[in-house]
Each structure stands twice: as C-alpha cells, then as structure tokens.
Amino acid sequence: MRSRVLTIVLLAPAVLASLVFVYLFIAWTFYASLTSWNSVRPLNGILPDFPLVGFANYQTLFATARFWPNDVFNTAVFTVTFIVVSVAIGLLLSILLDQRIRGEGFFRNVFLLPMALSFVVTGTIWAWIFNPNTGINQLLDPLGINALREWLLSLSPLTPLWDLLDFLRIDILRPGLTTDSRSALGAVVVAATWQMSGFVMAMLLAGLRGIPEELREAARVDGASERQIYVHVVLPQLRPVLVSVVVILGYISLKIFDLVFVMTRGGPGTATDFPSIFLFVSAFQSQLWGLAATIAIVMLVVSAIVVIPYMWSQLRSEGRA
Amino acid sequence: MLRWSRVLIYALLLLFTVFYLLPVYVVVADSFKTLREVNTTSIWQPPHGIDFGAWASALTPPLVGSGGIGPGLVNSVIMTVPAVVVSSVWGSLNGYLLSKWRFRGADLVFAFLLFGMFIPYQAILIPLVQFLEKLHLYGTLAGLSLTHILYGIPITTLIFRNYYSSIPTELVEAATVDGAGIIGVYARVILPLSIPGFVVVGIWQFTSIWNEFLFGVTLTSDPSVQPVTVALQNLAGSFAALYNVQMAGAIMTAIPTLLAFIFLGRYFIRGLLAGSLKG
C-alpha cells in the first residue's frame, strides 16, 4: 500500500510535466488560435490577452492561397511520394539483404548511415547536388543524360505523364531542379528518401528476421517458388511492420520543416512551401501569432488523425499479448 | 539461373550503395577544396590535395561577425549532454515504475505520457516561447536543454519500459521479500542491469537532440547561444557560393553522431527500432 503511494509520487513529475507542456500547451495554442493576437505586442498575463474572434483565423488561413490550396497540396504530394518511394526502396533493400548476402553488415551500415545525420546536414549537401548549375546536371550531362532527358520530355505519347509530374512538382527530369517549380518538390523528396529509406529497410529487415523459417519451409515443401513465398507468405507477415513504417514516415512528413527550410526555404515562390514554414514565417517574422497558432492546430489535428488510431491499436495489441 | 539472380542482387545492392555514398563523397571531397578550386571545378571533381582551409573558415570565419560553427559546436555539447543524462535517468525511473510496480491505470498513465511523442512540436511551440520568456530562459542554452529534457520523456520512458519488461519480475519480487522498497530495488537490482538500456536510450537522445533544428532556431535568436545545426544553416547564408566551407561545416556538424553510429551502431539500430513502439 505504501509502495503504491510512492510509485505515484515518483511518477508525478513526469505526469505533471506532460500535463503542462503537452496538454495544457496544446490547449493554450488552441486558445491563441481563437484570438486576434496578430501583432508584436508582448503578452501581459498567462493567456494571450487579446479579444476572442472565434474561428476568424481559421477562415483567414483557408482563404490564404499560400496555405489553401498550396501548402496542403504540397504536403499531400510530398507525404504520398515520400512514403511510396521510401517504402519501395526500403522493401527492395530488405528483401535483397535477406538473401544470405556476403557483406550484409557493410551494406546495412551504408544504407543506415544517413539516419545518423541531421536533416540540416542532409539539406546542405543535397541543396548543392540539386543546384542546377553546379550539381547533378554537371555529373550527368557528359554521360548524355541531357540529350536523353530532352528526348524523353519531347515524346508526345508521354506528354500527359510529364504534365502530371509537372503539376505535382516532382518532375525531376526538368534541368532547373530546385529552381524550377515543376521539379523542386521532387528534389526534396529525393533528399528525404535518401535519409529515411534506410530506416524502412532496418524495420522491415527486423520484421523479415522475425518470421519463423518453418513458415517458408512449409511453403517450399508445398512447391511454392521463392517469388510466391514472398508474395503469399512473407509480405502478409510484414503487414504490422509496414503499418508502423507508414505511420512514422507520415508523422515525419506532415511536420517536415528543417530539410525544406535548408534546401529551398519553400521556394521557388511557394512551390515547396509547407505549413511548418508558413507557421515559422507567420510567427517569428510577421508576428502573426494567432494565425501561426491556427496553422499549428491544423497540423496537430491532421497528425492526430494518423497517429491516434495507430497508438491505440498498438497499446491494445500490447495489452492482449 | 540461380547464379544470374545472385549477380543481379549484388548489382542492385552496389547501385544503391553508390546512391547512398555519393553525397558522402561530395561532402568529404569538397570540404578539402581551396577557394580557387571552388571556382574552377564542379562539386563532383576530387580535390587536388587535402586542404583544411575550408574547415578553418567554417569553424571561425576570417571575417568578423560572419558566423561560423565553432561556437555552435560548443553550445550543442553544453545543451546536449545534460539533456541526454537527465532525460535518460528520468525515463529509466518512469519505465521501471510503469513496468515493475504496476497499478490500476498504469497503462493509461503510459498512454498519457506517450502522446507527447506523436505531436508535431509546432503545436506547443508558441506557448513554449512565452513560457521560457517568462522564466528568462528564452534564448539560453539552459532553456533549450530543459525543452529537450521535457519532450524527451515519452521516448525514454517508452524504451525503458520495453527494456525492463524483459527483466524477470521474480528478481524484483525476491528483492522485496528481502525487504527492499521501490528505491532499493531500483538501485540494487534494476540499475545494474540497465547499462544496455542506457546505451540505447543515450544514443537515441544524443542523436535526436544534437540533430534537432526547430527548437534551436525558434528558441534562440543570438548566434552566441545557437546550437550547431542552426549555425550550419547560417553558414549557408554567409558563405553562399563557397560550397567547400559549407561542406566542411556539414562534416563537422555530423561527426559526433556519425562516431556514435560507427562505434555503437548495434545500439543505434536497436533504438531506431524501439522508437516505433513495438521494440
């Protein structure tokens, strides 16, 4: 009985810290988003002492072309492309490494190395690689890639495809790269994929190693080919890990800030602008705190839609185990 | 048939190795270039020799007031070390209580703590700025360190809770029979078994805090207290066209976490996997 009390006392600091710095701070941000606190005047009390204006900031935000549709569009395109490409590469790498490879440790470390870096470091390097004057064009032009690129872009049956990629801002065949609004978002996706696909590989490889060999053995005895075993036995077993991976990558991409900030600052124009950058500029440069709080709440709600069902199912399945 | 598929596997792996290592080559090779080479060579050409001029410029630029990551490196150490230590110890205590002294609602408390890991920090950033200003901690390394401690609790608690659930509860029970209380069991039984847990959590926290940018750029305004990631970003402003200086800055920013990855890679991966709840 005494130990019960002591347990709670010892846990209390963490619970209190969480209550204040997570839950109350979120409530505070929400309150700020309902006020007209869009000036440099510092706050006097604990809460923003500005008149409440209801959801006016939300109306303003969604009437601002930079946010709606632009930032929402960029976030959607980035999130989907980043997840699809990272999962595809991570899955391929994990299956390749699962084939009893010589030097597996070496390859694994190479693919994981970017995970040890800051997005700021990654952004600095990739900004130069995707600089149209000094970067990847210089490397590939002597190999004839420019001619190939022009030829591909001129093929009339493929025009709808290029139009679509241009529209999605991920057409990295465009030689302007980070300076062309048709390709800039694609450049950021490549850098983000370089950083995170190793993580996907590590997660999936751990998942693959967790599948009992008997399952594959049984399928082999039944006469299944190696390819069939992967499609029908292995991949279904990886589903829970894949869900984790997609949720984590989604969480990262919905709040992406540092990488874009360093690589493109949201440009050219607003071609790679994201809610996080708009928020940063609104709050710390334009002093539009109410508007910034509104962006924060929208970001939180979107993340929560992805994360809460996931957290819930993880905790429940843990309880059952 | 079988041999060909082996060749294909290795070919693909090597292709991806090139993709992953090309930026590494660029950053290392270009950091050794002189000003002259920056103007005459592309970023892909190897340097003529090993020249540390760009490293020196990145650390302490020749022009006064033009930034440099030297102070940033020092600041990052001052900010990161206490944050790693405190958040790890705190997480260890929480994880121990939540897995070994379970009470009704323990899982609810855990979920309550865990939620903080899954929010975009933008959602707490504005009140955090106000809070730190009120305490006169805005724009100080202490404020940054405190921030990293507070928002590190969920992940450190999570990893330690998972880690301790693999320690047999009988050990705890045996010690309680011998008369040890909560703190006694922690000190005598749990802590001595916690070294691998502390390594995993420590590396995870060290890497995330060292590499962090959002808090760094919003909670400080004066270059003299900015962490190295912010200093590196500023370097791109003051040395806009000098890729050798920027690359040298990038390497030096990355070295501490890279060393952790190279020498403690196994624990690094474990932390990576543990960060996704299931461990």
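Residues numbered from 1 in each chain as written. Chains lettered and ligands numbered in written order. Predicted model: local features only at pLDDT ≥ 70, side-chain atom pairs only at ≥ 80, totals over all residues.

## Remarks on the overall build of chain A
Rules: Numbered from the N terminus, helices here are DSSP runs of H or I no shorter than four residues, and strands are runs of E no shorter than two. Exposure criterion: with C-beta atoms placed from backbone coordinates, a residue whose C-beta has 20 or more other C-beta atoms within 10 Å is buried, one with 12 or fewer is exposed, and one in between is partly exposed. Once C-beta atoms have been placed from the backbone, residue pairs whose C-beta atoms lie within 7 Å are recorded as contacts.
Looking only at helices and strands, chain A has 14 helices and 0 strands in total. Listed N to C, the secondary structure of chain A is α-α-α-α-α-α-α-α-α-α-α-α-α-α in terms of helices and strands. Each of the three principal axes of chain A carries a C-alpha extent, and together these read 70 × 70 × 30 Å. Considering chain A as a whole, with its 321 residues, one finds that 43% of them fall into the buried category. Look at the contacts in chain A between residues 6 or more apart in sequence, and 66% of them connect residues 24 or more apart.

## Describing the overall build of chain B
Scanning chain B for helices and strands turns up 15 helices and 0 strands. Principal-axis analysis of the C-alpha atoms gives chain B an extent of 75 × 70 × 30 Å. Within chain B, the proportion of its 279 residues that are buried is 51%. Put simply, 74% of the contacts in chain B that link residues at least 6 apart link residues at least 24 apart.

## Looking at the domain arrangement of chain B
All names here are of chain B. Definition in use: What fixes the domain bounds is an automatic or database domain assignment. For this classification, Asp, Glu, Lys and Arg are treated as charged, while Ala, Val, Leu, Ile, Met, Phe, Trp, Tyr, Cys and Pro are nonpolar and the rest, including Gly, are polar.
Its domain assignment divides chain B into domain 1 (2-59) and domain 2 (70-274). Tallying the contact residues gives 12 residues for domain 1 and 12 residues for domain 2. If you tally residues by element for the side of domain 1 that touches domain 2, the top one is helix α3 (residues 53-59), at 5 residues. By residue class, the composition of the side of domain 1 that touches domain 2 is 8 nonpolar, 2 polar and 2 charged.

## Brief notes about the interface of chain B and chain A
The partner chain A presents 75 residues to the 68 residues of chain B that form the contact. Considering every element that reaches the side of chain B that touches chain A, the biggest residue donor is helix α1 (residues 2-31) of chain B, with 10 residues. Split by residue class, the side of chain B that touches chain A holds 48 nonpolar, 18 polar and 2 charged.

## Considerations on the environment of L279 of chain A
Here L279 of chain A is to be found in helix α13 (residues 275-284). It is 8.8 Å that separates the C-alpha atoms of L279 of chain A and W289 of chain A, two residues lying 10 residues apart in sequence. Not counting residues up to four positions away in its chain, the partners in contact with L279 of chain A are A292, I295 and A296 of chain A together with Q122 of chain B.

## Structural notes on the nonpolar core
Our working rule: As used here, a nonpolar core is made of buried Ala, Val, Leu, Ile, Met, Phe, Trp, Tyr and Cys residues. They are joined through C-beta atoms within 7 Å.
Counting residues in hydrophobic clusters, the biggest one holds 174 residues, and the most contacted among them are V188, A292 and A296 of chain A together with I124 of chain B. Here the element with the most residues in this core is helix α9 (residues 184-209) of chain A; it accounts for 17 residues. Not counting residues up to four positions away in its chain, the partners in contact with A292 of chain A are L279, S282 and A283 of chain A together with I126 of chain B.

## Side note on helix α11 (residues 195-211) of chain B
To keep things clear, this is the line we draw: Expected span of a helix: the number of residues minus one, times 1.5 Å.
Over its 17 residues, α11 of chain B runs 24 Å from end to end, which matches the ideal 24 Å to within 8%, given 1.5 Å per residue. A large share of α11 of chain B lies buried, amounting to 13 of its 17 residues.

## Considering the packing of helix α5 (residues 106-114) of chain B against helix α8 (residues 153-164) of chain B
Geometry of a packed helix pair, given as the angle between the helix axes and the separation of the axes. Residues and elements named next belong to chain B. The criterion, for reference: Each axis is a line fitted through C-alpha atoms, and for a helix only the stretch in contact is used; angles between axes span 0 to 180 degrees, taken between their N-to-C directions. Each angle receives one of four descriptions, namely roughly parallel if under 35 degrees, roughly antiparallel if over 145, roughly perpendicular if within 65 to 115, and oblique otherwise.
Two numbers describe how α5 lies on α8: the axes approach to 8 Å, and their chain directions differ by 140°. By the criterion of interaxial angle, the relationship of α5 to α8 is oblique. Residues F110, L113 and L114 of α5 form the contact with α8, whose participating residues are I153, P154, T157, L158 and R161. For the contact of α5 with α8, a count of residues per class yields 6 nonpolar, 1 polar and 1 charged.

## Here's the deal with helix α14 (residues 243-263) of chain B
Residues and elements named next belong to chain B. Rule in force here: By definition, a residue's bend is the angle between the axes fitted to the seven residues ending there and the seven starting there.
Taking 1.5 Å per residue as the helical rise, α14 with its 21 residues ought to reach 30 Å, and the 29 Å between its terminal C-alpha atoms agrees with that figure. Where α14 bends most, at I255, the angle is about 45°, and the proline P256 comes one to four residues later. Most of α14 sits out of view: 15 of its 21 residues are buried.

## Focus on the confidence of the model for chain B
Residues and elements named next belong to chain B. The test is simple: On a scale of 0 to 100, pLDDT captures the predictor's confidence in every residue.
Per-residue confidence for chain B averages 92 on the pLDDT scale, and 96% of its residues sit at or above 70. Ranking the helices and strands of chain B by mean pLDDT puts helix α7 (residues 141-150) first, with 98, and helix α15 (residues 265-274) last, with 81. Interface confidence for the predicted complex, given as ipTM, is 0.94, next to a pTM of 0.94.

## Describing unusual backbone geometry
Residues and elements named next belong to chain A. Looking along the chain, the bond that leaves W68 and enters P69 is cis, with omega of 10°. Along the chain, the position of P69 falls in helix α3 (residues 66-97). Put simply, G267 and P268 share a cis peptide bond, and its omega is 0°. Here P268 shows up in the loop between α12 (258-263) and α13. The phi angle at R100 is positive, at roughly 50°, despite the residue not being glycine. Relative to the elements of secondary structure, R100 occurs in the loop between α3 and α4 (104-112).

## Comments concerning the packing of helix α4 (residues 70-100) of chain B against α11 of chain B
Residues and elements named next belong to chain B. Spelled out, the test is: Helix crossings get a hand from a simple test, with the near helix turned counterclockwise from the far one by less than a right angle marking a left-handed crossing and a clockwise turn marking a right-handed one.
Interhelical geometry of α4 versus α11 gives an angle of 140° and a closest axis separation of 9 Å. Relative to α11, α4 is oriented oblique. Crossing geometry of α4 relative to α11 is assigned as right-handed. Across the interface between the two elements, S76, T80, A83, V84, S87, S88, G91 and S92 from α4 touch G197, F198, V201, G202, Q205, F206, I209 and W210 from α11.

## Some words on the environment of L91 of chain A
Along the polypeptide, L91 of chain A turns up in helix α3. Expressed as a C-alpha distance, the spacing of L91 of chain A and L165 of chain A, which sit 74 residues apart in the sequence, is 24 Å.

## Here's the deal with the confidence of the model for chain A
In this model, chain A carries a mean pLDDT of 93, and residues with pLDDT of at least 70 account for 98%. Confidence scores differ between elements of chain A, with helix α10 (residues 213-221) of chain A showing the lowest mean pLDDT of 88 and helix α2 (residues 56-62) of chain A the highest of 98.

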